[in-house]
Amino acid sequence: MFGSSAVLRLLKIGDFGPGLTLDRIAGGAALCGIGFTISLFIVDLAIDDDLAQNEARVGVLVASVLAFVVATIVFRVSDAMHPDMQTGETLVRPVDPRRDHVFGSMDAPYEIVEYGDFQCPFCLKASGSIEEVRRELGDQLRYVWRHAPLTQQHPNALAGAEASEAAALQGRFFEFERGLFSDQEHQLPSDIVRLAASLGLDVERFERDLTAPEVTARVRDDMLDAEAMNISSVPTFFLGGRRHHGPYDAQTLIRSLQASRAEPQGPRSDASAE
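First things first, this report covers the structure right here in the doc. Note that the structure is predicted; figures quoted are calculated from it, not measured.

Quick notes on the pairing of strand β3 (residues 141-147)
Among the seven residues of β3, seven are classified as buried, and the element is accordingly described as predominantly covered. In β3, alternate side chains face the same way, and those of L141, Y143, W145 and H147 on one face and R142, V144 and R146 on the other are all buried. Sheet topology places strand β1 (residues 101-103) next to β3; three bridges connect them, and they run antiparallel. Each residue of the ladder has a partner; that of V102, found in β3, is V144. Pairing of strand β2 (residues 110-116) with β3, which is carried by seven bridges, proceeds in the parallel orientation. By the bridge assignment, Y110 is partnered in β3 with L141.

Regarding unusual backbone geometry
A cis amide bond links V234 with the next residue in sequence, P235, at an omega value of 0 degrees. For P235, the location among the structural elements is in the loop between α11 (213-228) and β4 (236-239). One non-glycine residue, K12, lies in positive phi territory at about 60 degrees. The residue K12 is located in the loop between α1 (2-10) and α2 (22-31) in this model. Using a relative accessible area of 74% as the deciding quantity, one classes K12 as exposed. The phi angle at N230 is positive, at roughly 60 degrees, despite the residue not being glycine. If you trace the backbone, N230 turns up in the loop between α11 and β4.

Focus: the pairing of β2
Among the seven residues in β2, seven count as buried, and that is most of the element. Burial of β2 is two-sided: the residues Y110, I112, E114 and G116 facing one way and the residues E111, V113 and Y115 facing the other way are all buried. In terms of handedness, the path from β2 via helix α6 (residues 121-137) over to β3 forms a crossover that is right-handed. Judged from the four bridges that link them, β2 and β4 form a sheet pairing that is antiparallel. The partner of E114 across the bridge, within β4, is F237.

A word on helix α8 (residues 173-182)
Where burial is concerned, most of α8 is hidden: seven out of the 10 residues are buried. On the buried face of α8, the contacting elements are β1, α6, β3, α7 (157-168), α9 (189-198) and α10 (203-209).

Reading the values: rules and limits
Each chain has its residues counted from 1, following the order in which its sequence is written. Note on the predicted model: pLDDT of at least 70 is required for a residue's local features to be given, and 80 or more for side-chain atom pairs to be given and counted; whole-chain, interface and lining totals, by contrast, use all residues. Heavy atoms from the whole structure form the basis of all side-chain values; hydrogens and water molecules are not counted. Burial here depends on accessible area, computed with a 1.4 Å probe over protein chains only, as a share of the maximum for the residue type. Under 20% is buried, over 50% is exposed, and the range in between is partly exposed. For the purposes of this entry, the term helix denotes a DSSP run of H or I that reaches at least four residues, the term strand denotes a run of E that reaches at least two, and both are numbered from the N terminus. By definition, two strands form a pair when at least two bridges between them are found by DSSP. Look down the strands so they point away from you; if going from the first strand over the helix to the second traces a clockwise path, that crossover is right-handed. Contacts are assigned to residue pairs that have any heavy atoms within 4.5 Å of one another.

Rendered as structure tokens:
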């Protein structure tokens, strides 16, 4: 497990999930040394001699204990190198305009990344604050939306997120976002299709894209990011790559942005923004 993961990482094939590093994969690989039920079952099938069976059972149990001890050590070292606070307080995936929904220039000095839910009334309130910040800072602000639908509280939130991605395939993400926020009480499939038609989208293509694997995967990836950063409520903001705590009125966000400007930023892609 560790060797194949290390080779794929070296060859730059695919990406690890947020917060997943080679040292943590090493801990998981060590845990694979634990063999219990199946290993003991195979002992009975493969070995006839009673003494040899007992020796094999002891070997399985000792190997399991050793695997547990080694994995514990690896995970403790890994946690010391990558504390939970860092994972939760720092944006795990830098903004990439090739996949993210970016409003503003990648050269803008200020950045807001919001994890939100189209059915959340607090996200609706926050959208007003974001508009005010954008008016105040103008071209100095880069705003990024990422999905964190609270499916337990908002049954149609996931459908809304996937619909916005289907609209994004026709270059109309932010228009669709505003449409969803303007009528949070009506986000059933029929309402979503009606909104697409009102925005002039190709409805037939839109309906096909609603179930497209890339649409589902795009929303899922944002949700996995949110889970990795322990985001359990929305809206959650990252200003300059750091998690924002406290009020999210426009003036508070502006002051926090100005304070975060001196902090180090994560790497960014040079591709064009949406």
